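Here is what each chain is made of, one letter per residue.
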Amino acid sequence: MTIETVSLNRAYGGTQGVYKHASRSTGTDMTFSVFVPPQGANAKLPVVWYLSGLTCTHANVTEKGEFRKACAELGLIFVAPDTSPRGADVPGDPDKSYDFGLGAGFYVDATQEPYARNYRMWSYVTEELPALVAAQFPVDASRQSILGHSMGGHGALTVALNYPQRYRAASAFAPIVAPAQVPWGVKALSGYLGGDRMTWRKHDAVALIEDGARFPDLLVDVGDADPFLTQQLQPERLEHACEKAGIPLTLRRQPGYDHSYYFISTFMEDHLRWHAERLKA
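Residues numbered from 1 in each chain as written. Predicted model: local features only at pLDDT ≥ 70, side-chain atom pairs only at ≥ 80, totals over all residues. Heavy atoms only, no water.

With 6 of 8 residues buried, strand 3 (residues 29–36) is to be regarded as a mostly interior element. Direction of pairing for strand 2 (residues 14–22) relative to strand 3: antiparallel, over a ladder of 8 bridges. In the sheet register, Val18 faces strand 3, and the bridge partner there is Ser33. In sequence, strand 2 turns back onto strand 3 through a hairpin of 6 residues, with Gly27 there showing a positive phi of about 70°. Pairing geometry for strand 3 and strand 5 (residues 77–81), over 4 bridges, is antiparallel. (Buried < 20%, exposed > 50% of the residue type's maximum accessible area, 1.4 Å probe, protein only. Helix = DSSP H or I, 4+ residues; strand = E, 2+ residues; numbered from the N terminus. Pairing = 2+ DSSP bridges.)

Attention shifts here to the packing of aromatic side chains. Evaluation of the coordinates by the stated rule reveals 17 aromatic pairs. Aromatic side chains Tyr19 and Phe32 sit 5.7 Å apart centroid to centroid with 35° between the ring planes, which places their arrangement in the tilted category. Of this pair, Tyr19 sits in strand 2 while Phe32 sits in strand 3, and the two are 13 residues apart along the sequence. Relative to Tyr119, the ring of Tyr115 has its centre 5.6 Å away and its plane inclined at 80°; by these criteria the two rings are edge-to-face. Of the two residues examined, Tyr115 and Tyr119, each falls in the buried class. Members of the aromatic cluster, each reached through a chain of ring pairs, are Phe35, Tyr50, Phe67 and Phe78. (Phe/Tyr/Trp six-rings, centres within 6.5 Å; stacked < 30°, edge-to-face > 60°.)

Read across the open sheet, the 9 strands follow the order 1-2-3-5-4-6-7-8-9; overall the sheet is mixed. With partners counted over all chains shown, the strands left at the sheet margins are strand 1 (4–11) and strand 9 (249–254), one partner each. Along the sheet, successive strands turn relative to each other by an average axial angle of 15°, direction set aside. Relative to strand 6 (residues 139–149), strand 4 (residues 45–51) is paired through 6 bridges, and the arrangement is parallel. Residue Leu45 lies in a different strand from strand 6, and its bridge partner there is Val139. (Axes fitted to C-alpha atoms, helices over the stretch in contact; angles between N-to-C directions.)

Written out as structure tokens, the structure is:
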């Protein structure tokens, strides 16, 4: 498990690094970022995984997320992978739209050609990258949590619901909660997984809850000025599913906030403190 250091910067007494490695899951080089707070010099620390949204790379949250001060105070390692495989030989959307293909891996393992060879982001974020990070950084693997934004919020919720024993906390900013019911999700799931909607249910938070998946509690923030709120996000579907299943959900509708990193950075510290409470030894 070898990694190449792309950059290292000192921040809040810790280290913000960007790294690259050859991924066996995607068959490409993959880039990710890791912030290790100063406490990591002497101890293994809990880790927070952050999954980004459509069109993003690791860089969006690394540069705009404003997480380092809180992570340094709380003693949290923060890991941000890319959203899809990259490279000249990696197929993208033939229509060259932003919501499928490059930058839009949707955190699934594709089964449809020509995407099946490279688009294996589920295996990457749930198996390969956690093993790599645990081998290279001072991570306490018994204390992990996950959060994400938009497509990454979908990823965080579905990963947590599939692996409730692995993650002590899960939260999301403006997640796609029921992708099988909205245009972004239908396009991605049908393109990567094919037309059998039963195979989609593993990657749909609302469907997972309907099928019996459970998690101790969830935190979700959405902005009421988000232009995607009504058509793509539909948080009320998650609210209804959690209420019916008895899953405690804190759903906060933030007045005036949109879908951007201005919104995410405003509430990032709230989420990290919520995670830190659940990551205590």
